[in-house]
Amino acid sequence: MSAENPFHRLAPFIQEYIYDNQWTELRDGQVAACKVLFDTDAHLLLATGTASGKTEAAFLPVLTLLHEHPANSIGVLYIGPTKALINDQFFRLEGLLKKANIPVWHWHGDVGQSHKQKLLKRPFGVLQITPESLESLLINRSHELIRLFGDLRFVVIDEIHVFMSADRGRQILCQLKRLERFVSQEPRRIGLSATLGDYAAPKAWLQAGSKREVVCPELSSQRQVRLFLEHFYVEEQDNENIPASNIPYVHFLYEHSRVRSKSLIFANSRGETEKVIGSLRQIAQREGTPDIYHVHHGSIAAPFREAAENAMRDPYQPAVTAATVTLELGIDLGQLERVLQLQAPYSVASFLQRLGRSGRRGAPSEMWFACTEGKPTAETSLPAQLPWSLLQAIAIIQLYLEEQWVEPITAVRYPFSLLYHQTMSILAAASELSPAALAERTLTLPPFRHITQDDYKDLLRHLLELDHLHMVEEGKLIIGLAGEKVVRNFRFYAVFPDDEAFQVKNEAKEIGSIMAPPPPGERFALAGRSWEVLEVDVKRKVIFVKQIQGKARIAWMGSQGNIHLKILQRMRQVLLEQKIYRYLGDGAIERLQSARLLAQQSGLEQHHLVLSGGNTVCIFPWLGTVTSRTLARYLEACCHETIQIEDCSPYYIKSHLRRGDLQSLLQELKAIRQRGIPEESLVADDENLQIEKYDEFIPRHLLRKAFAADHLRVDELATAIADW
């Protein structure tokens with residue numbers, strides 16, 4: 001080890017672990033983390049690629065410091081996004097701590113009470129937990145928090161990119177601030193991620209509510225990658241009447257997954273994972289090759305997900321798994337050789353997470369794309385003639401290759417659903433508080449810095465009217481009878497919406513869940529198998545099924561994720577430039593060239609508004625999901641006498657011109673800045689604004705304020721249109 005290497009500062013049991021596992025050196029991220037944690041008292045943000053040893057980078061120095069100066073309570077709090085990731089990291093840490101007197105505990109809904117009771121009896125070591133289980137501790141163990149966390153030294157937040165733009169991340173910031181009342185000193189925070197772009201926003205997020213600075217070591221992000229992208233046309237009736245082996249993109253996935261021992265196929269929806277695995281299994285049966293196929297998504301029962309994970313880890317057997325975001329995170333899948341992607345992902349961050357699942361132990365990261373679309377005909381409208389998935393995939397790849405750009409954090413000014421949740425959680429833990437004390441404890445939490453005292457008073461009055469709060473004679477607030485029903489339900493700990501799905505059972509064995517119950521006799525796909533409905537118990541929300549052979553309909557529909565403005569702008573550049581990217585297959589090159597010719601012939605190079613037969617106007621904003629949504633609302637609110645919207649997507653708006661011409665419509669659009677349109681005026685009076693879990697308990701005027709501020713972008717739209 002060199003003089004710059006902090007190996008000699010690690011605890012003896014860690015040095016022995018490194019020797020036993022035949023590590024030849026510490027990785028760059030591990031060296032950098034040691035230097036920050038050993039030589040400063042700052043928080044640490046560690047952004048380095050998947051499979052780069054981030055977990056060890058955090059825990060090698062942390063456990064050394066804990067070994068040198070043992071804590072009198074839980075010393076390290078590890079917060080992970082999923083139970084599966086916590087379980088995976090639990091077993092990794094157990095090996096590291098086998099020879100040390102530092103226990104590691106995991107705590108979530110699937111952990112047995114005996115394990116939890118041992119921790120409660122002697123709180124010590126490392127606690128790995130989900131935000132939901134931590135919320136439960138804050139409410140139900142409020143009188144034990146000093147004993148549990150009084151000497152807490154470190155908080156490790158894994159996969160922080162998953163949390164930062166969501167209410168779960170804001171919930172964590174609330175929890176850390178609330179814990180400060182029970183700890184003797186402010187614990188140091190360690191944020192881990194594989195997919196961060198600009199570090200300023202993640203550093204600000206990690207520091208929120210804290211006095212310590214955040215250090216983010218600069219690490220080399222160079223990695224070898226192998227990319228291949230092919231395009232396929234699909235028949236509109238791509239169903240059980242067509243053999244899977246005759247569907248070109250399915251055959252592509254079959255051939256390019258089976259040539260590797262371990263392959264992971266990512267799709268953008270649960271339904272697509274079910275469909276592709278059913279088709280691959282059909283080909284395997286016809287070809288007489290082994291059934292090595294698995295499905296992994298959030299609606300499959302845990303045993304099926306674990307079976308897929310174990311098959312991917314098995315070094316002696318081939319396996320192919322189709323997954324959604326559930327396998328984007330850092331669950332150890334062993335030596336994964338190839339990742340395949342069906343359609344374009346919605347973000348550069350997702351692309352990087354998926355790409356990083358392959359290429360371990362020095363091998364290049366390898367990802368093969370299959371982009372599909374229905375074949376255009378003479379009747380196909382202009383927008384539908386463009387290969388959106390192909391353009392999006394190329395744009396995402398190029399943004400990474402050219403700029404190493406990743407989507408920034410989306411700031412939310414008014415998280416009212418979370419405000420309700422934390423208000424009720426704080427009050428449940430305290431039993432009763434005065435309105436002033438409740439406001440002081442709640443509004444000082446980092447996510448609520450933009451919420452005014454007046455807005456909070458309006459919320460409290462509303463909750464008193466709903467009987468979610470009740471004021472006793474002493475003028476203090478307690479939880480009301482209606483509020484008790486919400487707070488005392490175990491689902492309250494989560495800030496994401498409840499899953500009202502039907503449980504699917506084959507006899508007593510749970511298969512997973514689906515949203516809408518099919519009638520008896522109907523067939524559907526789930527967990528990579530086909531099932532026939534025997535009985536539906538609507539009251540218990542259970543569907544009883546039997547397994548059958550052959551293809552079946554998909555029980556889950558996909559939902560479009562938000563696409564960043566910069567991706568749409570890069571898609572336009574892809575369409576207009578003449579460059580042929582080296583990773584494109586022959587079919588992708590041919591389709592891209594035909595799309596470029598169409599763009600040239602249609603005037604898309606010069607114009608954002610194009611007439612397409614009669615009075616049909618196609619608007620191509622190239623602005624991303626949120627700003628395009630704002631444009632559609634502006635058209636409906638301010639230009640409805642000129643134009644009527646027929647179809648709308650993040651890529652285009654197809655409309656009918658009622659009067660005037662394109663030039664007059666363009667002038668109306670450019671008048672948006674002069675009109676001074678406030679975002680709230682684009683929200684309809686009767687619009688359903690209940691988006692987040694607890695929005696049903698928020699006064700409508702506050703929901704309207706939040707939607708306008710956090711889901712619309714008038715200034716961004718006006719700036720873009722000025723250049724049209």
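Since the model is a prediction, treat every value here as computed from it, not as a measurement.

**What to know about the pairing of strand β2 (residues 74-79)**
Next, step 1: Within β2, six of the six residues are buried, which leaves it mostly tucked inside the rest of the structure.
Next, step 2: Here five bridges tie β2 to strand β4 (residues 125-129), and the two strands are oriented parallel to one another. Across the sheet, the residue bridging to I79 is I129, located in β4.
Next, step 3: Here β2 pairs with strand β5 (residues 154-157) via four bridges, running parallel. Within β5, the residue paired with L77 across the bridge is V155.

**Topic: the pairing of strand β10 (residues 293-296)**
Each regular strand displays side chains that alternate between the two surfaces of the sheet.
Next, step 1: Where β10 meets strand β11 (residues 319-323), four bridges bridge the pair, whose relative direction is parallel. Note that in β11 the partner of V295 across the bridge is A322.
Next, step 2: The β-α-β motif built from β10, the intervening helix α13 (residues 302-313) and the parallel element β11 has right-handed crossover chirality.

**Regarding the sheet that holds strand β12 (residues 338-342)**
Next, step 1: The parallel open sheet is built from six strands, whose spatial order is β8-β13-β12-β9-β11-β10. At either end of the open sheet lies a strand with only one pairing partner, and these are β8 (225-234) and β10. Averaged over all pairs of adjacent strands, the angle between their axes in this sheet comes to 20°, without regard to strand direction.
Next, step 2: Sheet topology note: the strand β9 (residues 262-266)/β11 ladder contains five bridges and is parallel. Counterpart to K262 in the pairing with β11 is A319.
Next, step 3: Those strands touched by helix α14 (residues 348-355) are β8, β9, β12 and β13 (365-374), and its axis lies near 130° from that of β13.

**Re the state of the cysteines**
Next, step 1: This structure, assessed with the given rule, holds zero disulfides.
Next, step 2: Of the cysteine sulfurs around C34, a residue in no disulfide, the closest is that of C216, at 16 Å.
Next, step 3: In this structure C648 is a free cysteine whose sulfur lies 12 Å from that of C618, the closest cysteine sulfur available.
Next, step 4: Here C648 falls in the partly exposed class, since its relative accessible area comes to 39%.

**Observations concerning helix α21 (residues 586-602)**
Next, step 1: In a regular helix each residue adds 1.5 Å, so 17 residues correspond to 24 Å; α21 covers 24 Å between its end C-alpha atoms and thus fits that length.
Next, step 2: Taken together, the buried positions of α21 are occupied by A588, R591, L592, A595, R596, L598 and A599. Along the axis of α21, the buried positions cluster into a sector of 160°, meaning they face one direction only. Of the exposed residues in α21, the ones pointing more than 90 degrees away from its buried face are D586, E590, Q600 and Q601.
Next, step 3: The inward-facing, buried residues of α21 contact β8, β13, α15 (388-403) and α20 (565-576).
Next, step 4: Following α21 by one or two positions, G603 adopts a phi angle in the positive range, close to 85°.

Parameters at a glance
Here the residue numbers are simple positions, counted from 1 along each chain's written sequence. Thresholds applied to this predicted model are a pLDDT of at least 70 for local features of residues and 80 or more for the giving and counting of side-chain atom pairs; totals over whole chains, interfaces and linings are not thresholded and use all residues. To get the side-chain values, take all heavy atoms of the structure and skip hydrogens and water. Buried, partly exposed and exposed residues are distinguished by accessible area as a fraction of the type maximum, computed with a 1.4 Å probe on protein chains only: under 20%, between the cut-offs, and over 50%, respectively. Starting at the N terminus, helices and strands are each numbered in turn, a helix being any DSSP run of H or I of at least four residues and a strand any DSSP run of E of at least two. DSSP calls a pair of strands paired once it identifies at least 2 bridges connecting them. A right-handed crossover is one whose linking path, passing over the helix from the first strand to the second, runs clockwise when the strands point away from the viewer. Each axis is a line fitted through C-alpha atoms, and for a helix only the stretch in contact is used; angles between axes span 0 to 180 degrees, taken between their N-to-C directions. Every residue pair with non-hydrogen atoms within 4.5 Å of one another is taken to be in contact. For the purposes of this analysis, a disulfide is any pair of cysteine sulfur atoms at a distance within 2.5 Å. To estimate the expected span of a helix, count its residues, drop one, and scale the result by 1.5 Å. By definition, the arc is the one covered by directions from the helix axis to the C-beta atoms.

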